[in-house]
Amino acid sequence: MTASLFDRLGEKAARYLASHASRRGVLGKVGTALAIAPAFPLLPVSRAEAEEKPVSASLTDFERKAQTKDPDKCDYWRHCAIDGVLCGCCGGGVHTCPPGTEPSPVSWIGTCRNPADGLSYVIAYRDCCGRATCNAPADCDCNTADREMPIYKPQTSNDIIWCFGTKSTTYHCSTSAIIGKAS
Amino acid sequence: MNWRSMKFLLSSTFCVSLAMTASRAHAAPTSSPVLQAEVSDTATLPPIGPHWFIPSASEETYQIYDIDKGKVLGTIPATMLANIVIAPDKKNFYVAETIWSRSDHGTRQDLLQVYDAKTLSLTKEIELPPRALAVFAAQDFAVSSDNKWGFIFNMSPATSVSLVDLKAGKVAQTVDIPGCALVYPWKTGGFSRLCGNGSLTNVAFDGGSPTVTHTKPFFDSNNDPVFEQAIVDQKTGQAIFISYTGKVYTTVLGPDPKISAPWSLQEAAGLPAVGTGVQELAWRPGGQQPFAWNAAKGELFVLMHPGNHWSHKTEGSQGWVFNVAEKKLLRRIDLPQPASGIAASPDNDALLYATGHRDGPITVINSSTGDVIKTIPARVGAMSIAPGL
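In terms of regular secondary structure, chain B is built from two helices and 30 strands. Along the three orthogonal principal directions, the C-alpha set of chain B runs to about 85 × 50 × 45 Å. The burial tally for chain B puts 54% of its 389 residues in the buried class. Taking the contacts inside chain B whose residues are at least 6 apart along the sequence as the reference set, 44% of them involve residues at least 24 apart. For chain B, the accessible surface area stands at approximately 17000 Å², while carbon and sulfur atoms represent 55% of it. Charge centroids of chain B, computed over 31 positive and 33 negative side chains, lie 3 Å from each other.

The following block contains the structure:
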């Protein structure tokens with residue numbers, strides 16, 4: 001695994017990283033829809049995907065090694081599709097922005113398997129914006145590429161800088177908030 | 001006085017006495033002229049050479065290297081959010097950049113900056129609509145081969161392309177193309193874009209109204225997408241799209257591009273074709289800039305690593321060399337250290353430039369023999385540009 005693309009990132013934001021393959025939304029429309037409706041009208045899409053291809057059928061290396069104890073490590077199960085600095089290493093938490101920053105109302109989403117119960121959950125990778133990038137230790141700088149797609153599939157691309165809808169578009173760190181059970 | 005101070009005093013005294021001795025020794029007999037006062041000046045660059053290599057460095061600049069000399073010739077300011085292009089006439093460097101008036105806040109400014117290739121003077125700044133911002137997405141920006149138009153991918157988050165009149169120094173128009181991203185320039189008269197359904201959208205444009213056409217989907221965008229880092233040879237318009245599993249699709253870009261049946265990098269190497277299994281260990285393409293092209297010989301260079309599907313960002317431990325016309329593997333080169341970026345010189349005996357993820361050296365490799373010619377100490381990353389002939 002390479003180190004994160006986002007070390008010392010000056011800016012970044014909402015990146016979608018969804019789960020299993022068959023997202024069919026139109027790029028621009030999906031982006032617009034997410035910007036207008038933060039979060040979770042998209043949930044049915046994720047559920048549908050989870051149903052199409054059960055995650056337990058074949059586990060990725062990340063899923064095989066995922067742990068449930070320490071959210072400040074890249075192999076924490078919810079970070080299956082994250083790319084950035086973990087806010088828990090920066091004065092925030094797994095769903096909490098550090099002081100001086102604000103959560104992006106737009107988020108990219110992933111579906112991660114919790115090894116504790118074997119269930120998949122929809123995760124909103126909400127970035128915290130408005131300050132220069134948190135310089136946390138390298139262990140907190142994550143870039144997992146499971147099901148990661150090129151930019152022409154933006155809802156699943158983790159290279160896109162997307163901090164629309166915050167006062168300042170500067171990227172600070174990333175959170176992984178549970179939205180609900182995926183299946 | 002402690003030991004450290006004493007040591008300093010002793011060494012200072014020694015240096016002074018040594019200097020005095022030297023001065024006495026040389027003062028009398030020499031007839032060489034006394035060194036004159038110097039005037040500070042500024043260097044300029046020679047014409048862009050075939051062995052120039054311009055990699056990103058510390059995510060803030062691109063450094064111009066003369067590989068033969070192993071030295072930096074100059075610096076082009078461009079962050080990891082910027083895109084950089086050498087003008088077709090090699091007289092300018094174009095940088096599409098985004099900055100904020102107060103560093104991490106304030107007014108956002110999107111600019112197409114024009115640097116003179118001899119002086120590196122910033123000669124022009126063209127204001128742009130909000131560009132698409134992504135980490136080192138080189139295919140966000142292209143310049144037409146006649147040097148008249150810049151094509152810049154926008155995302156607001158609706159997607160469009162700015163058509164920039166480079167001579168007039170302004171955005172002539174913006175084309176909305178929902179569902180598609182990036183820009184792949186034609187030989188002349190337009191550009192194509194990759195779309196979420198696995199097709200190309202083609203935009204014919206030469207100053208008038210753009211005409212948009214679409215191909216049928218030709219790759220499986222849900223399970224085996226093509227890398228965004230496709231090769232485009234602007235002299236011929238040939239494009240090479242390579243998928244995560246190593247399927248190669250070639251075409252000549254234009255209003256109605258005919259896309260070849262795919263062939264497999266691994267099959268060309270005498271190995272089984274590779275699938276999308278998440279536990280299917282095989283040689284796969286990967287890295288931040290995994291492909292390079294040498295037009296003189298029609299050779300494609302690919303960073304390859306052993307991995308499962310979705311390991312497309314993993315650095316390459318080998319560089320594979322292909323003759324694309326013959327769909328044939330020519331050789332596999334073991335890299336001295338894993339590389340995340342590769343580039344090639346444009347001349348007949350291509351030099352390969354392999355670089356790591358960030359802050360590393362440049363490994364210069366003879367593409368014909370696979371021999372490491374030299375390793376240039378540097379602090380550069382995976383993304384780079386190399387001039388054409």
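Of all residues in chain A, 67% have pLDDT values of 70 or greater, and the mean over the chain is 72. Of the regions scoring below 50 in pLDDT, residues 1-56 of chain A engages in 200 contacts with residues more than four places distant in sequence or in other chains.

Residue and element names in this part refer to chain B. All chains considered together, the criterion is met by 10 salt bridges over all chains. Between R108 and D110 there is a salt bridge whose closest N-O contact spans 2.9 Å. Judged by its relative accessible area of 5%, D110 falls in the buried class. A salt bridge links D224 to K247; the shortest N-O distance between them is 3.5 Å. One end of the pair, D224, is in the loop between β16 (211-214) and β17 (231-233); the other, K247, is in strand β19 (residues 247-252), with 23 residues separating them in the sequence. Since its relative accessible area comes to 33%, K247 is described here as partly exposed.

Another point: the layout of surface pockets. Residues and elements named next belong to chain B. The space that makes up the largest pocket amounts to roughly 1300 Å³. If you trace the largest pocket, you find 46 residues lining it, with V232, Q234, I385, A386 and G388 closest to the centre. Among the elements that take part in the lining of the largest pocket, strand β4 (residues 83-86) stands out by supplying four residues, more than any other. A per-class count over the lining of the largest pocket returns 33 nonpolar, nine polar and four charged.

Nonpolar side chains tend toward joint burial in soluble globular proteins. Residues and elements named next belong to chain B. Core analysis: the biggest nonpolar cluster contains 24 residues, and I54, Y62, I64, I76, F93 and V95 have the highest contact counts within it. Broken down by secondary-structure element, the contributors of at least two residues to this core are β1 (52-57), β2 (61-66), β4 and β5 (92-102). Per element, the largest residue contribution to this core is three residues, and it comes from β5. Counting residues in each nonpolar core, the second largest holds 22 residues, with A134, L194, F218 and L253 among its members.

Before going further, it helps to spend a moment on the sheet that holds strand β6 (residues 105-116) of chain B. Residue and element names in this part refer to chain B. The four strands are arranged β4-β5-β6-β7 in an open sheet whose pairing can be described as antiparallel. Taken across any chain shown, the strands that pair with only one partner, and hence form the sheet edges, are β4 and β7 (122-128). For this sheet, the mean inter-axis angle between neighbouring strands, taken without regard to orientation, is 30°. Two elements, β6 and β7, share six bridges in a ladder whose sense is antiparallel. Each bridged residue has a counterpart across the sheet, and for Y115 the counterpart in β7 is L122.

Residues and elements named next belong to chain B. Burial runs high along strand β23 (residues 299-307): eight of the nine residues are buried. The pairing of strand β22 (residues 291-294) with β23 spans four bridges and is antiparallel. Paired with N294 across the bridge in β23 is E299. Linking β22 back to β23 in an antiparallel pair, the connection comprises four residues, with G298 at a positive phi of about 65°. Strand direction decides the pairing type here: β23 and strand β24 (residues 316-323), joined by six bridges, are antiparallel. Bridge assignment links L303 to a residue of β24, and that residue is G319.

This next bit is on the confidence of the model for chain B. Across chain B, the average pLDDT comes to 92, with 92% of residues at 70 or higher. Across the interfaces of the predicted complex, the ipTM metric reaches 0.88, alongside a pTM of 0.84.

Take the sheet that holds β17(B) next. Reading across the sheet, the four strands line up as β17-β18-β19-β20 (chain B) and stay open at both edges, with antiparallel pairing between neighbours. Strand pairing shows two members of the sheet lacking a second neighbour, β17 and β20 (263-264) of chain B, which therefore form its edges.

Moving on, we get to the packing of aromatic side chains. In this description, a pair of aromatic rings is defined by centroid distance and the angle of the planes. In the structure shown here, the tally under the stated rule is 16 aromatic pairs over all chains. With a centroid separation of 5.7 Å and 45° between ring planes, the pair formed by W283(B) and W320(B) is classed as tilted. In this pair, W283(B) is assigned in strand β21 (residues 282-285) and W320(B) in strand β24, connecting sequence segments 37 residues apart. Seen in terms of ring centroids, W320(B) and F322(B) are 6.3 Å apart; in terms of plane orientation they differ by 45°. Their pairing is tilted. For W320(B), a relative accessible area of 0% corresponds to the buried category. In this structure an aromatic cluster arises from ring pairing among Y152(A), Y184(B), F218(B), F219(B), F241(B) and Y249(B).

Mapped onto the secondary structure, T314(B) falls in the loop between β23 and β24. Along the backbone, T314(B) and G287(B) are 27 residues apart, and their C-alpha atoms lie at a distance of 5.1 Å.

Criteria and cut-off values
One numbering rule holds for all chains: residues counted from 1, following each sequence as written. Chains and ligands are labelled sequentially in the order written, the chains with letters from A and the ligands with numbers from 1. Given that the model is predicted, a residue must reach a pLDDT of at least 70 before its local features are reported, and side-chain atom pairs must reach 80 or more before they are shown or counted; all residues, however, enter totals for whole chains, interfaces and linings. Each side-chain value is worked out from all heavy atoms of the structure, with water and hydrogens disregarded. In this description a helix means any DSSP run of H or I spanning at least four residues, a strand means any run of E spanning at least two, and both kinds are numbered starting from the N terminus. Working definition: with a 1.4 Å probe on protein chains only, accessible area under 20% of the residue-type maximum means buried, over 50% means exposed, and in between means partly exposed. By the convention used here, residues are in contact when the closest approach between their heavy atoms is within 4.5 Å. With residues, only the protein chains shown are counted as cover, and all accessible areas are computed by Shrake-Rupley using a 1.4 Å probe. The positive count covers Lys and Arg only, the negative count covers Asp and Glu only, and His and the chain ends enter neither. Charge coordinates come from a single atom per side chain, which is NZ of Lys, CZ of Arg, CG of Asp or CD of Glu. As a per-residue measure, pLDDT reflects the predictor's confidence and takes values from 0 up to 100. For this analysis, a salt bridge means a side-chain nitrogen from Lys or Arg found within 4 Å of a carboxyl oxygen belonging to Asp or Glu. Both site types are read off a 1 Å grid over the protein atoms alone. A 1.4 Å probe that fits but cannot get out defines a cavity, while an open set with protein on both sides within 12 Å along at least five of seven lines defines a pocket; lining residues have an atom within 4 Å of a point. Grid points are joined across faces, edges and corners, and a volume is the space filled by probe spheres set on the points. Three residue categories are used. Nonpolar comprises Ala, Val, Leu, Ile, Met, Phe, Trp, Tyr, Cys and Pro, charged comprises Asp, Glu, Lys and Arg, and polar comprises the others, including Gly. For our purposes a nonpolar core is just a set of buried Ala, Val, Leu, Ile, Met, Phe, Trp, Tyr and Cys residues, chained together by side-chain atoms within 4.5 Å. Strand pairing follows a simple DSSP-based rule, namely that at least 2 bridges must link the two strands. Simply put, an axis is a line fit to the C-alpha atoms, just over the touching stretch for a helix, and the angle between two N-to-C directions goes from 0 to 180 degrees. Any two rings among Phe, Tyr and Trp, with Trp reduced to its six-membered ring, count as a pair given centres within 6.5 Å; such a pair is stacked if its planes are under 30 degrees apart, edge-to-face if over 60, and tilted if neither.

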